[in-house]
Amino acid sequence: MNSTPDLIVALDFDSADAARRLVDTLEPGSCRLKVGKALFTRAGPTLVEGWVRDGWDVFLDLKFHDIPNTVAGACRAAADLGVWMVNVHALGGPAMLAAARAAIDEGGAHRPLLTAVTVLTSHDQASLDAVGLQGTPAEAVTRLTGLAVAAGLDGVVCSGQEAARVRAQTGEAFRRVTPGVRPRGSAADDQRRILTPTDAMRAGATDLVVGRPITNAADPARAVESIANEMAVTMQAAADR
């Protein structure tokens, strides 16, 4: 288990004002923020730059997937925003991943973490079969992780159910960003391959992405604190073994 797992709040809002109201209830350092496609498309880079100036670590979750030159340009633009982490799709292939890595490395003093999406947590075996992706979700994650490692990326985005497999494949230093984390008793919503924070950490996740259980909570700050406490207890239990 990574010694300092991170809690990332997924700001899956359609409105910049709604996202700001949520973030205003939280304190920088209590968690990190994830900005995805819907919010970024509506609010643009200004919102991200403002949070970075306010001391927030922002994960820009736009999952770049295009020809290598286009993805390289997008990664340079993301780095210029000052974000903490940016991601691409491993399905873009070796040349695209290498171009993304080079773009981050050739940038200025700020070099965000670069991770690759493997298999979305909304996918199951039936959906992979429908698009013609060979093997089980776990096998696909292993193949795509191998591409990310070969390109020198900092980690992958994977289900908590595959985090242990990725850890065995890559070692401890490689980040395993795990979406679809749901505290016990929360609704699964549109996720398929989900785990609780404790189970995800035990499986080897290094970064836990939690969305609606926090953003829909009556008291988001308390929800963040509760999950952070669960993570701390899990870490302590692992250290005591």
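Structure: above.
We now turn to the structure provided with this report. Everything numeric here is computed off the predicted structure, so don't read it as measured data. (Residues numbered from 1 in each chain as written. Predicted model: local features only at pLDDT ≥ 70, side-chain atom pairs only at ≥ 80, totals over all residues. Heavy atoms only, no water.)

1. Let's talk about the sheet that holds strand 5 (residues 113-117)
Working step 1: Pairing is parallel around the closed barrel formed by eight strands, whose spatial order is 1-2-3-4-5-6-7-8. Going across the sheet, the axis of each strand differs from the next one's by a mean of 25 degrees, ignoring polarity.
Working step 2: Sheet contacts for helix 5 (residues 94-105): strand 3 (58-64), strand 4 (85-89) and strand 5; angle to strand 4, the most-contacted strand, approximately 160 degrees.
Working step 3: Seen against the sheet, helix 11 (residues 220-240) touches strand 1 (6-10) and strand 8 (207-210) and runs at an angle of roughly 150 degrees to strand 1. (Pairing = 2+ DSSP bridges. Helix = DSSP H or I, 4+ residues; strand = E, 2+ residues; numbered from the N terminus. Axes fitted to C-alpha atoms, helices over the stretch in contact; angles between N-to-C directions. Contact = heavy atoms within 4.5 Å.)

2. With respect to the pattern of salt bridges
Where charged atoms of side chains with opposite charge meet at close range, the side chains can pair.
Working step 1: If you walk through the whole model with that rule in mind, you get 13 salt bridges.
Working step 2: A salt bridge links Lys-63 to Asp-61; the nearest nitrogen and oxygen atoms lie 2.9 Å apart.
Working step 3: Several salt bridges share partner residues, and in doing so they unite Asp-6, Arg-32, Asp-57, Arg-175 and Asp-207 into one network. (Salt bridge = Lys/Arg side-chain N within 4 Å of Asp/Glu carboxyl O.)

3. So, the packing of helix 7 (residues 137-150) against helix 8 (residues 160-170)
Working step 1: Contact geometry of helix 7 with helix 8 gives a least axis separation of 10 Å together with a crossing angle of 35 degrees. Taken as a pair, helix 7 and helix 8 cross one another with a handedness that is right-handed. Between helix 7 and helix 8, the residues in contact are Pro-137, Ala-138, Glu-139, Val-141, Thr-142, Thr-145, Gly-146 and Val-149 and Glu-162, Arg-165, Val-166, Gln-169 and Thr-170, respectively.
Working step 2: Considered class by class, the residues forming the contact of helix 7 with helix 8 number five nonpolar, five polar and three charged. (Left-handed = near helix turned anticlockwise from the far one by under 90°. Nonpolar A, V, L, I, M, F, W, Y, C, P; charged D, E, K, R; others polar.)

4. A few points about the pairing of strand 2 (residues 32-35)
Working step 1: Burial along strand 2 is two-sided: Arg-32 and Lys-34 facing one way and Leu-33 and Val-35 facing the other are all buried.
Working step 2: The pairing of strand 1 with strand 2 spans three bridges and is parallel. Directly across from Ala-10, in strand 2, lies its bridge partner Lys-34.
Working step 3: You can see the chain leave strand 1, run along helix 1 (residues 16-24) and come back into strand 2, and the turn it takes is right-handed.
Working step 4: Pairing of strand 2 with strand 3 involves three bridges; the strand directions are parallel. Bridging across to strand 3, Lys-34 finds its partner in Phe-59. (Buried < 20%, exposed > 50% of the residue type's maximum accessible area, 1.4 Å probe, protein only. Right-handed = clockwise from strand over helix to strand, strands pointing away.)

All quantities given are derived from atomic positions and should not be read as evidence of function.
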